[in-house]
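Chain residues, written in single-letter form:
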Amino acid sequence: MSDAGKRSSGLRLRRRAPAVVVVIAFMCGVLADTWLTCSGWLWATVSGGALLIAFLSWILWRCTFANSHRVFGFLTLGALLLSVAGVAAMRHHDVASVARDDDLSLFATDLPHPARLIGTISARPQLIDSVSDETHESWKSSERSIITVACRQLFDGTEWRDVSGSARVDVRGLTTGLRVCDEVEVFGRLSLPTGPKNVGEFDFAAFLRHQGVRSVMRCRSPESMVLRQRPTDLISQMRRFSVATREQCEERLKRDLRSDTVPVAIALLLGSRARMPAEQYEAFTESGTMHVLAISGLNVAILALFVGGVCRLLSVSQWLTGITILLLVGGYAVITDTGPPIVRASLVVFLAALGWPWDRPNHGPNLLAATGLGVLCMNPPDLFNAGAQLSFAAVAVILWQARRSTNQAVMSGTDVRPVSPEMALAVVDKALDELISARMPVTWPRLLWRLCWRAIRETTGMSLWIWVFTAPLVARQFHLVSPVGMLVNIPLLPVASATLCCGYLLMLVGFVSDTLASWLGELFDGLLLLMMWIVEVAAKFSCGHRYVPTPPTWWLLGTFVLLTTLFCFRGSSVARCLGWRWLWVWVLIGMVWPLWPREPGPLRCTTFAVGHGLSVLIETPSGRTLLYDAGSMRGSRRVADIVRGTLWHQGRYRLDGMVLSHADSDHLNGVPDLLRNVPVAEMFVSPQCVDRSQPAVNDVLFAARRCRVPIRFLWESDAIELGDGIVCQVLHPPADLRLRSDNANSVVLAITFGGRRILLTGDLEKDGLARLLRSPAVTTDILVSPHHGSLGANTTDLARWSCPDWLIVSGDSQVNCKKLRERFGPSTLVLNTDDEGSVTFEITASGEMSCETFKRGPRR
């Protein structure tokens, strides 16, 4: 019987999905190279040997008797999959671990040094004309240009060397005259990318390495990049044309839309979120609707459906419709900031469209696996990309749910065998046509209500399943759980779909008619405002989202096992009942686990590496937390991210107290951003710190009032209750004395536990330091250096008065550690967080003390 006859008789065709097995083998190979330290030649040997075994077993398979041919068949399949895994490991090793012998990174060091290189601009320059920061430093430049350069030659001081590899060039100022594929000569300071210096901090070096960039070059002005020549070849001209098209689309959006909706429109249509204000970005994140801004399957699917609908209205042939969709989707992918989601979605459309002219049906799992294989072949590290993981998980749930809903709709009320999705769609279309033609003249309101109700029900169910499957990944990667996203996506998805269609039409019409484009701009602007209003309302819902610490790995694995079991055996009543019960019990275990009483541990004191700034976290044996300062010259958001990352990594979600030493921006500018998503029970400040003439202080007070954080004054002889036998006493400043400078009024804390003492001094110097030194000497085990290692604050008198075993400097590369070692003597070990990363001390109740730095491990 033919395939058509089988479909017409109601028999189910067993569809094979070989790409699923292949992509699983490819993923295993990427994981193997990540976990094992092996060379690329070993993986090549494994792949070649497995391929040889597969060839020999295939020959034996074809030549053996029927009773043993299955053994050789399985051996052939296993060897082929092992060969695929070896190729994947070799590809990942080549992308993530190996650099050529002449790679530019081999000439770079951790410390920047002058360099001069020649290369070609390989990506569209990113021009940043404003910095969303609250540091209030007038010296900080608000204009930057980020350019990726494929290097060809490097001048080493005596001669030009041929080099390879790419460099990220950071220019202070706007380089408006340079375009992609231009050959340039760059003068600047070359260095290796900065890796993380704190627990839970974003790994910028790994992020660049996954993009094929292993070097960084910083330039002082746009004049540091000199144009050598423009490209003349066809490929370069095509790339420049795509960039020019994107820039023309951006100018059209800026001309026809309001200033507050332009950043969202650019993010929605072109995938660039660099211009979005922090408040808008956080609203989309906390409302669980960030997927709307990500150029992914939703955008590509709506574009493909929109183009297909227009072609159908114009009675265009199926061949020409498929070619038109492929051309427009491909062009759209080129002008956007291409990432794993857009590559995945474009590959899905491309592979699906290949079968349209011949009416070939598409198999969802096989199609998705094939696209995943294409994404991983292009860039294997995308396996660990959170966006790619969320995108593929959501699409897998959508395909499974759509297939299941279709089969259930067809087979409801009948007792026949399951059908294929293609037959189910045909039967559903026929049934709906008959129903509409029979009842529309009489009961069309009832039919419309039933259709709307069915759409809402299916959308709600799909949204629930997508949220359930992606929530653990979001909690793991972004420390955020947004249940409100399940509800807000129901009204948001149709609004976002209409907004996208209107935006695409605006960009297309903008090349033809300015008048019609201005009318469409009004409509597009209104839809954007409606979408932003829905998102803002959802983000402001107090119970709609919650920031959580990092879930344990064992709990995440158990959650995915239960979800997969429940998802696959959803049709069984016993499995459904037991599955849901076990899932809720497992979720309850995950919620109770952080609150479960544990054995008292040591006192932990962590001085974060925040550059020129200060932030110290105290963790008591019973789990209470106290933060001393949160500021940095490198930006308020940076220090807030560092503190949050460490808290969440340690399994903590709140601060029991926060002490602000004085009113300088580099000690408190991270507080407003930190208060947004980290609950603080109480804030301690000195009366001298409340100086409303300073903008940074006003920002802190406003944030504390908005987040309902009580503020308590403290001064000399006060104590902060931490429990566990910890004595936390204030040594400075006095209540009735205000010294001339903010630094002199810094709050000095002495924390004593297990016979050990930690001294936190802020920026204490001059008359404030002199007053402290007139008090009785305080022998100290750990001294956090006053004023970031300044020689004016770290005097020999302070060294004799405190006699520290450890001097921790929270500063940058400008700190003169050699001079500090001379002043404090050989009995004091001086550590700079810029060199060591974050420094953590652990003190037990018996007085045993250990020190560990993030970059170099345990120190003695």
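Residues numbered from 1 in each chain as written. Predicted model: local features only at pLDDT ≥ 70, side-chain atom pairs only at ≥ 80, totals over all residues. Heavy atoms only, no water.

J.: Tell me about the overall build of the protein, and name the residues and values.
T.: Secondary structure assignment for the protein yields 27 helices and 26 strands. Within the protein, buried positions represent 46% of all 860 residues. Intrachain contacts of the protein at a sequence separation of at least 6 include 68% that bridge at least 24 residues. (Helix = DSSP H or I, 4+ residues; strand = E, 2+ residues; numbered from the N terminus. Buried < 20%, exposed > 50% of the residue type's maximum accessible area, 1.4 Å probe, protein only. Contact = heavy atoms within 4.5 Å.)

J.: Would you mind going over the confidence of the model for the protein in detail, with residue names and values included?
T.: For the protein, per-residue confidence averages 80 on the pLDDT scale, and residues scoring 70 or more make up 82% of the total. Across residues 1-14, confidence stays below pLDDT 50; counting only partners more than four residues off in sequence or on other chains, it has 15 contacts. pLDDT under 50 marks residues 131-140. Its contacts with residues more than four places away, or in other chains, come to 24 contacts. (pLDDT = per-residue confidence, 0-100.)

J.: Outline the pairing of strand 11 (residues 603-607), supporting the account with residue identities and numerical values.
T.: Of all 5 residues that make up strand 11, 5 are buried, and the element is covered over most of its length. On strand 11, burial covers both faces: Leu-603, Cys-605 and Thr-607 on one face and Arg-604 and Thr-606 on the other are all buried. Sheet topology places strand 11 next to strand 24 (residues 839-843); 5 bridges connect them, and they run antiparallel. Opposite Thr-607, over in strand 24, you have Val-839 as the bridge partner. Judged from the 4 bridges that link them, strand 11 and strand 12 (residues 613-619) form a sheet pairing that is antiparallel. Bridging from a neighbouring strand, Thr-606 pairs with Leu-617 of strand 12. Connecting the antiparallel pair strand 11 and strand 12 is a turn made up of 5 residues, with Gly-611 showing a positive phi of about 75 degrees. (Pairing = 2+ DSSP bridges.)

J.: Any details on the sheet that holds strand 25 (residues 849-853)? Residues and values, ideally.
T.: Strand order across the open sheet formed by 9 strands is 16-15-14-13-12-11-24-25-26, with mixed pairing between neighbours. The outermost strands of the open sheet, each flanked by one partner alone, are strand 16 (711-713) and strand 26 (857-859). Taking each pair of neighbouring strands and ignoring which way they run, the sheet shows an average axis angle of 25 degrees. Pairing of strand 12 with strand 13 (residues 625-632) involves 6 bridges; the strand directions are antiparallel. Considered in strand 13, the bridge of Ile-618 is made with Leu-626. (Axes fitted to C-alpha atoms, helices over the stretch in contact; angles between N-to-C directions.)

J.: Provide a residue-level description of the nonpolar core, including the pertinent values.
T.: Ranked by size, the top nonpolar core spans 48 residues in total, and within it Phe-524 and Met-531 carry the most contacts. Every element with two or more residues in this core is listed here: helix 6 (234-256), helix 7 (262-270), helix 8 (278-286), helix 9 (290-293), helix 10 (297-313), helix 11 (318-335), helix 16 (484-509) and helix 17 (514-540). Beyond its immediate sequence surroundings of up to four residues, Phe-524 is in contact with Leu-253, Leu-257, Ala-265, Leu-269, Thr-499, Cys-502, Gly-503 and Leu-506. (Core = buried A, V, L, I, M, F, W, Y, C linked by side-chain atoms within 4.5 Å.)

J.: Can you lay out the pattern of salt bridges for me, pointing to particular residues and giving the numbers?
T.: Using the criterion set out here, one finds 31 salt bridges in the structure. Among the ionic pairs, Glu-183 bridges to Arg-228, the shortest N-O distance being 2.7 Å. Of this pair, Glu-183 sits in strand 6 (residues 183-191) while Arg-228 sits in strand 8 (residues 225-229), and the two are 45 residues apart along the sequence. On the basis of relative accessible area, Glu-183 is assigned to the buried category, the value being 11%. With its nearest N and O atoms 3.5 Å apart, the salt bridge here joins Arg-856 to Glu-836. Of this pair, Arg-856 sits in the loop between strand 25 and strand 26 while Glu-836 sits in helix 27 (residues 833-836), placing them 20 residues apart in sequence. Exposure remark for Arg-856: the relative accessible area of 52% places this residue in the exposed category. On the basis of relative accessibility, which here comes to 5%, the residue Glu-836 falls in the buried class. Salt bridges linked by common partners bring Glu-282, Glu-286, Arg-637, Asp-641, Arg-644, Asp-673 and Arg-676 together as one network. (Salt bridge = Lys/Arg side-chain N within 4 Å of Asp/Glu carboxyl O.)

J.: Account for the pairing of strand 3 (residues 144-155), naming residues and giving values.
T.: Bridge analysis of strand 1 (residues 113-121) against strand 3 gives 6 bridges, and the strand direction is antiparallel. Paired with Gly-119 across the bridge in strand 3 is Cys-151. The pairing of strand 2 (residues 126-128) with strand 3 spans 3 bridges and is classified as antiparallel. Each bridged residue has a counterpart across the sheet, and for Leu-127 the counterpart in strand 3 is Ser-145. Sheet topology note: the strand 3/strand 5 (residues 166-172) ladder contains 7 bridges and is antiparallel.

J.: Explain the packing of aromatic side chains to me, using residue names and the numbers behind them.
T.: One pass over the full model with this rule turns up 5 aromatic pairs. Pairing Trp-806 with Phe-841 gives two aromatic rings, centres 5.2 Å apart and planes at 75 degrees, and the pair type is edge-to-face. Of the two residues, Trp-806 is situated in strand 22 (residues 806-809) and Phe-841 in strand 24; the sequence distance between them amounts to 35 residues. Here the aromatic cluster, defined as three or more aromatic residues joined through ring pairs, consists of Phe-202, Phe-204 and Phe-207. In this arrangement the basic side chain of Arg-116 is found over the ring face of Phe-155, its NZ or CZ atom lying 5.5 Å from the centre. (Phe/Tyr/Trp six-rings, centres within 6.5 Å; stacked < 30°, edge-to-face > 60°. Lys NZ or Arg CZ within 6 Å of the ring centre and 35° of its normal.)

J.: Which residues make up the environment of Thr-625, and what are the values?
T.: Within the fold, Thr-625 resides in strand 13. Between the C-alpha atom of Thr-625 and that of Leu-655, which follows or precedes it by 30 residues, the distance is 5.3 Å. Residues contacting Thr-625, with those up to four places away along its chain left out, are Leu-617, Ile-618, Glu-619, Arg-652, Arg-654, Leu-655, Asp-656 and Gly-657. Of note is the side chain of Thr-625, whose polar atom sits 3.1 Å from the backbone oxygen of Arg-654. (Polar contact = N/O pair within 3.5 Å; in protein donor to acceptor, adjacent residues only side chain to side chain.)

J.: I'd like a description of the packing of helix 6 against helix 7, backed by residues and values.
T.: For the pair helix 6 and helix 7, interaxial distance at closest approach is 10 Å and the crossing angle is 145 degrees. For helix 6 against helix 7, the interelement crossing comes out right-handed. Between helix 6 and helix 7, the contacting residues are Arg-246, Cys-249, Glu-250, Leu-253 and Lys-254 on the first element and Val-262, Ala-265, Ile-266, Leu-269 and Leu-270 on the second. Of the residues in the contact of helix 6 with helix 7, the class split is 7 nonpolar, no polar and 3 charged. (Left-handed = near helix turned anticlockwise from the far one by under 90°. Nonpolar A, V, L, I, M, F, W, Y, C, P; charged D, E, K, R; others polar.)

J.: Tell me about the sheet that holds strand 21 (residues 782-784), residues and numbers included.
T.: Read across the sheet, 7 strands follow the order 17-18-19-20-21-22-23 without closing on themselves; strand pairing throughout is mixed. Of all strands in the sheet, those with a lone pairing partner are strand 17 (719-721) and strand 23 (829-832), marking the two edges. Neighbour-to-neighbour, the strand axes of this sheet turn through a mean angle of 20 degrees, independent of strand direction. As defined by bridge partners, strand 19 (residues 748-753) adjoins strand 20 (residues 756-760) across 5 bridges and the pair is classed as antiparallel. Residue pairing for strand 20: Phe-753 is matched across the bridge by Arg-756. On top of the sheet, helix 26 (residues 817-824) reaches strand 21, strand 22 and strand 23; it is set at about 155 degrees to strand 23, its chief contact.

J.: How would you summarise a nonpolar patch on the surface if you had to cite specific residues and measurements?
T.: Together, Trp-554, Trp-582, Val-585, Leu-588, Ile-589, Met-591, Val-592, Trp-593 and Trp-596 give the surface a local cluster of nonpolar side chains, amounting to about 960 Å² of exposed area. Considering every element that reaches the nonpolar patch, the biggest residue donor is helix 19 (residues 573-592), with 6 residues. (Patch = residues over 30% accessible without salt bridge, like charges linked within 9 Å, V, L, I, M, F, W, Y side chains within 5 Å. Areas by Shrake-Rupley, 256 points an atom, 1.4 Å probe, with all protein chains shown as cover.)

J.: Provide a residue-level description of the side chain of Asp-691, including the pertinent values.
T.: Here Asp-691 shows up in the loop between strand 15 (683-685) and helix 23 (695-706). No salt bridge forms around the buried Asp-691; measuring N to O, its nearest opposite-charge neighbour Arg-738 is 4.3 Å away. Polar side-chain contacts of Asp-691 include one of 2.6 Å to the side chain of Ser-693. The residues touching Asp-691, leaving out its near neighbours within four places in the chain, are Val-697 and Arg-738. (Lys, Arg positive; Asp, Glu negative; His and termini not counted.)

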